[in-house]
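# Fold and geometry: a report
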Amino acid sequence: MAVYFKSSAPKSLLEQFDARIAQAEPKGRITTWEKSADGKYYTHKAPDWARKAWFKPVVDQGRLRFNIIRPQGANISVQVYGYYHGHLVETFLNHFDKSFDEGTSTAKPSQNDDVSA
């Protein structure tokens, strides 16, 4: 269950995502995602969905990949999977549509995902 963004500059795309989350100015700021305290993961901020899953970013050759990671001691439901993947793609389309060529999502867990306890 991974999300991929095909990009000629995947590291820059991740840096843009981080900058928009940390941005002080309201215009253009991303308010729906937050980073973990250690700065390694992202979770959605909506009260009903916060911390139900985490995304771990990986800069690959020609793409930015986000693997889904379960919260400690919990599983990830299909509903959480759908919400997180859909909202991450939506965020990237709304903010970074000129910085990537294609966004895709797997339907089943992939090699680097952690979805069940």
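### Concerning the overall build of the protein chain
- Looking only at helices and strands, one finds two helices and six strands in the protein chain.
- Walking the protein chain from its N terminus toward its C terminus, one meets helices and strands in the order β-α-β-β-β-β-α-β.
- Against the globule reference of 13 Å for 117 residues, the protein chain gives a C-alpha radius of gyration of 13 Å, in line with a compact fold.
- Across its three principal directions, the C-alpha atoms of the protein chain cover 35 × 30 × 25 Å.
- Put simply, the protein chain has 117 residues, and 37% of those count as buried.
- By element, 48% of the accessible surface of the protein chain is carried by carbon and sulfur atoms, the whole surface being about 6,700 Å².

### Some words on the packing of helix α1 (residues 10-22) against helix α2 (residues 78-96)
- Packing of α1 against α2 leaves a shortest axis separation of 12 Å and a crossing angle of 90 degrees. Between α1 and α2, the crossing angle belongs to the class labelled roughly perpendicular. Of α2, the residues touching α1 (which contributes Leu13, Gln16, Phe17 and Arg20) are Leu88, Thr91, Phe92, His95 and Phe96.
- The residue inventory of the contact of α1 with α2, partitioned by class, reads five nonpolar, three polar and one charged.

### Here we look at the pattern of salt bridges
- In the structure shown here, the tally under the stated rule is five salt bridges.
- Between arginine 65 and aspartate 60 there is a salt bridge, with the nearest N and O atoms lying 3.3 Å from each other.
- Measuring nitrogen to oxygen at the nearest pair gives 4.0 Å for the salt bridge that ties lysine 98 to aspartate 97.
- The exposure class of lysine 98 is exposed, given its relative accessible area of 79%.
- By relative accessible area, which is 44% here, aspartate 97 ends up partly exposed.
- Connected via shared salt-bridge partners are Asp60, Arg63 and Arg65.

### Details of the packing of aromatic side chains
- The final tally for this structure, using the stated rule, is 17 aromatic pairs.
- Centre to centre, the rings of tyrosine 83 and tyrosine 84 are 6.3 Å apart; their planes meet at 65 degrees, and the pair counts as edge-to-face. Each member of the pair, tyrosine 83 as well as tyrosine 84, is classed as buried.
- Every member of this aromatic cluster is reached through a ring pair, and the members are Phe5, Phe17, Trp33, Tyr42, Trp49, Phe55, Phe66, Tyr83, Tyr84, Phe92, Phe96 and Phe100.

### Some points on unusual backbone geometry
- In this structure, arginine 51 takes a positive phi of about 60 degrees despite not being glycine.
- Relative to the helices and strands, arginine 51 resides in the loop between β3 (42-44) and β4 (54-60).

### A closer look at the nonpolar core
- In this structure, Phe5, Phe17, Trp33, Phe55, Phe66, Leu88 and Phe92 are the most contacted members of the largest nonpolar core, which totals 25 residues.
- Counting residues per element, this core draws most heavily on α2, at seven residues.

### A word on α2
- With 19 residues, α2 extends 26 Å from end C-alpha to end C-alpha; this agrees with the ideal 27 Å at 1.5 Å per step.
- Of the residues making up α2, those classed as buried are Val80, Tyr81, Tyr83, Tyr84, His85, Leu88, Thr91, Phe92 and Phe96.

Definitions and cut-offs
Residues numbered from 1 in each chain as written. Predicted model: local features only at pLDDT ≥ 70, side-chain atom pairs only at ≥ 80, totals over all residues. Heavy atoms only, no water. Helix = DSSP H or I, 4+ residues; strand = E, 2+ residues; numbered from the N terminus. Rg over C-alpha atoms; globule rule 2.2 N^0.38 Å. Buried < 20%, exposed > 50% of the residue type's maximum accessible area, 1.4 Å probe, protein only. Areas by Shrake-Rupley, 256 points an atom, 1.4 Å probe, with all protein chains shown as cover. Axes fitted to C-alpha atoms, helices over the stretch in contact; angles between N-to-C directions. Parallel < 35°, antiparallel > 145°, perpendicular 65-115°, else oblique. Contact = heavy atoms within 4.5 Å. Nonpolar A, V, L, I, M, F, W, Y, C, P; charged D, E, K, R; others polar. Salt bridge = Lys/Arg side-chain N within 4 Å of Asp/Glu carboxyl O. Phe/Tyr/Trp six-rings, centres within 6.5 Å; stacked < 30°, edge-to-face > 60°. Core = buried A, V, L, I, M, F, W, Y, C linked by side-chain atoms within 4.5 Å. Expected span 1.5 Å × (residues − 1).

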